[in-house]
Amino acid sequence: MSRLPATPLSATAYVEQALVSLKARGLRLTTPRRRVVQLLADATHPLSAYDIKDLLAQQNTPVDTVSVYRVLEHLESLHLIHKVGSMGKVVACQRTHTPCQQTTNTSHPTEGHHHWHVLLLCVGCGQVSEAEAGEHLAQFAQRLHHEQQFMPQSGSLEVKGWCSQCQSPTS
Ligand SMILES: [Zn+2]
Ligand SMILES: [Zn+2]
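Residues numbered from 1 in each chain as written. Chains lettered and ligands numbered in written order. Predicted model: local features only at pLDDT ≥ 70, side-chain atom pairs only at ≥ 80, totals over all residues.

**Q** What am I meant to see in the pairing of strand 1 (residues 81–84) here?
**A** Within a regular strand, side chains alternate between the sheet's two faces. Here strand 1 pairs with strand 2 (residues 89–92) via 4 bridges, running antiparallel. Residue pairing for strand 2: Val-84 is matched across the bridge by Lys-89. (Pairing = 2+ DSSP bridges. Helix = DSSP H or I, 4+ residues; strand = E, 2+ residues; numbered from the N terminus.)

Take a look at the structure:
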């Protein structure tokens, strides 16, 4: 199992990965679907399905909300976006991961697992970034398995705080 890279995905790499994954799902890569993926890749702030719909309308690519939701559902089940639970919005996953072939390995539930995400939410400017903490969460998952007999499959953690730009002493 390859290790997660230390640097976040570029927008181009994200789009490429997402489109390959959607195609592997059997979805046609229509213009609206490509635009949704591109918007998510470029966004620095979490977006709701309605935000996406409005932005696409501004780009003269009108898409109905149901279609936006459907793409988001696929992207979420592919672990390509994260729901920001407290906001009802989504962000693109900034970490690369090869599509998971085996969703549950019952004998080694947490071995090599990569569906662990830590989202950093800035309360100042609303930006969301993703931290590299997969290993620690995997260890925590292992503990859950041993101590609580709970078999974790994936997880995400939202950490609220101040981004580097919002930490200036004048603010
Ligand atoms: Zn992620
Ligand atoms: Zn900030």
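**Q** What's the story with the environment of Cys-122 in this structure? I'm lost.
**A** Inspection of the secondary structure puts Cys-122 in strand 3 (residues 116–122). Once the C-alpha coordinates of Cys-122 and Trp-162 are considered, the two residues, 40 residues apart in sequence, prove to be 4.8 Å apart. For Cys-122, the residues in contact, after removing those within four places along its chain, are Gln-127, Gly-161, Trp-162, Cys-163 and Cys-166. (Contact = placed C-beta atoms within 7 Å.)

**Q** What should I look at first to understand the pairing of strand 4 (residues 128–131) in this one?
**A** The pairing of strand 3 with strand 4 spans 4 bridges and is classified as antiparallel. For Leu-121, the partnering residue across the bridge sits in strand 4 and is Val-128. Linking strand 3 to strand 4, which pair antiparallel, is a turn of 5 residues; within it Gly-126 sits at a positive phi near 85 degrees.

**Q** Teacher, can you tell me more about the environment of His-79 here?
**A** Following the sequence through the fold, His-79 ends up in the loop between helix 4 (65–77) and strand 1. Sequence spacing of His-79 and Ala-92 is 13 residues, and the spatial spacing of their C-alpha atoms is 9.0 Å.

**Q** Whenever I open this one, the sheet that holds strand 5 (residues 155–161) confuses me. Can you help?
**A** Backbone hydrogen bonds are what pair the strands of a sheet, in a parallel or an antiparallel way. In spatial order, the strands read 4-3-5; together these 3 strands make up an open sheet with mixed pairing. Each of the sheet's edge strands pairs with one partner strand only, and the pair in question is strand 4 and strand 5. Shown here is a sheet whose adjacent strand axes are inclined to one another by a mean of 30 degrees, direction ignored. (Axes fitted to C-alpha atoms, helices over the stretch in contact; angles between N-to-C directions.)

**Q** Would you mind going over the confidence of the model for the chain with me for this structure?
**A** The share of residues in the chain with pLDDT of 70 or more is 81%, and the mean pLDDT across the chain is 82. The element-level mean pLDDT for the chain is lowest in helix 5 (residues 134–148), coming to 84, with helix 3 (residues 49–58) highest at 95. Taken as a whole, residues 99–113 scores under 50 in pLDDT and shows 19 contacts with residues more than four places along the chain or in a different chain. (pLDDT = per-residue confidence, 0-100.)

**Q** I tried to follow the nonpolar core on my own but got confused; where do I start?
**A** Nonpolar side chains in soluble globular proteins tend to end up buried together. One finds Leu-40, Val-68, Leu-72, Ile-81 and Ala-92 to be the most contacted residues of the largest nonpolar core, which totals 27 residues. For this core, the secondary-structure elements that each account for two or more residues are helix 1 (11–24), helix 2 (31–42), helix 3, helix 4, strand 1, strand 2 and strand 3. (Core = buried A, V, L, I, M, F, W, Y, C linked by C-beta atoms within 7 Å. Buried ≥ 20, exposed ≤ 12 C-beta atoms within 10 Å, placed from the backbone.)

**Q** When you look at helix 2 in this model, what are you seeing that I'm missing?
**A** Side chains three or four residues apart in an α-helix point the same way, a direct result of the helix having 3.6 residues per turn. Taking 1.5 Å of rise per residue, 12 residues should cover 16 Å, and helix 2 covers 16 Å from first to last C-alpha, within 8% of that figure. Here helix 2 has its buried residues at Arg-33, Val-36, Val-37, Leu-40 and Ala-41. Each buried residue of helix 2 sits inside an arc of 135 degrees when the element is viewed along its axis, so together they form one side. Exposed residues lying more than 90 degrees from the buried face of helix 2 are Thr-31 and Asp-42. On its buried face, helix 2 sits against helix 1, helix 3, helix 4, strand 1 and strand 2. (Expected span 1.5 Å × (residues − 1). Arc of directions from axis to C-beta.)

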